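Structure at a glance
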Amino acid sequence: MIQADEEIREELKQCYIELYRCMTEKDLVSLASILDGDSFVLVHMTGMKQDKQAFIQAIKDAPYRDPAHGVHGRHRHRQSQEDRL
């Protein structure tokens, strides 16, 4: 891979890590600043669509989820998001 491609890949990786951090830590202010308000639409694998406001509300209302231990600290083995990239 050429250097420019690697730099772009690293920048995208860091953006994804920050997005995931905002979601898992419920940092809704930072999450709102990352997502484009005019064009953001999340399309779930079920086909359900959420605009920015609905997506942020769903994150706010969701139970606490520790990425290393599952919901409310129940232990679950899971590869970290950073390791998957």
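Look up a bit, the structure's there.
As a starting point, this report considers the structure included with it. These numbers were taken from a predicted model, which means no experiment stands behind them.

The geometry of an aromatic ring pair is captured by two quantities: the separation of the ring centres and the angle between the planes. For the coordinates displayed, the defined rule picks out two aromatic pairs. Consider the rings of Tyr-16 and Tyr-20, whose centres lie 6.3 Å apart with planes at 20 degrees: the pair is stacked. With Tyr-16 and Tyr-20 both in helix H1 (residues 3–24), this residue pair falls four residues apart, about one helical turn.

Let's shift gears to the pattern of salt bridges. Under the counting rule described, the total for this entry stands at three salt bridges. One salt bridge connects Arg-21 with Glu-18, and the closest N-O pair in it is separated by 2.8 Å. One end of the pair, Arg-21, and the other, Glu-18, are both in helix H1, three residues apart, so they sit about a helical turn from each other. Residues joined by salt bridges that share partners form a network here, namely Glu-18, Arg-21, Glu-25 and Asp-27.

Structurally, the position occupied by Ile-34 is in helix H2 (residues 28–34). When the C-alpha positions of Ile-34 and Cys-22 are compared, they lie 9.3 Å apart, and in sequence the two are 12 residues distant.

Generally, phi is negative for residues other than glycine and the peptide bonds are trans, each holding for most cases. In the Ramachandran plot, Lys-26 falls in the positive-phi region, its phi being about 55 degrees despite a non-glycine side chain. As for its placement among the helices and strands, Lys-26 is situated in the loop between H1 and H2.

Criteria and thresholds
- Residues numbered from 1 in each chain as written.
- Predicted model: local features only at pLDDT ≥ 70, side-chain atom pairs only at ≥ 80, totals over all residues.
- Heavy atoms only, no water.
- Phe/Tyr/Trp six-rings, centres within 6.5 Å; stacked < 30°, edge-to-face > 60°.
- Helix = DSSP H or I, 4+ residues; strand = E, 2+ residues; numbered from the N terminus.
- Salt bridge = Lys/Arg side-chain N within 4 Å of Asp/Glu carboxyl O.

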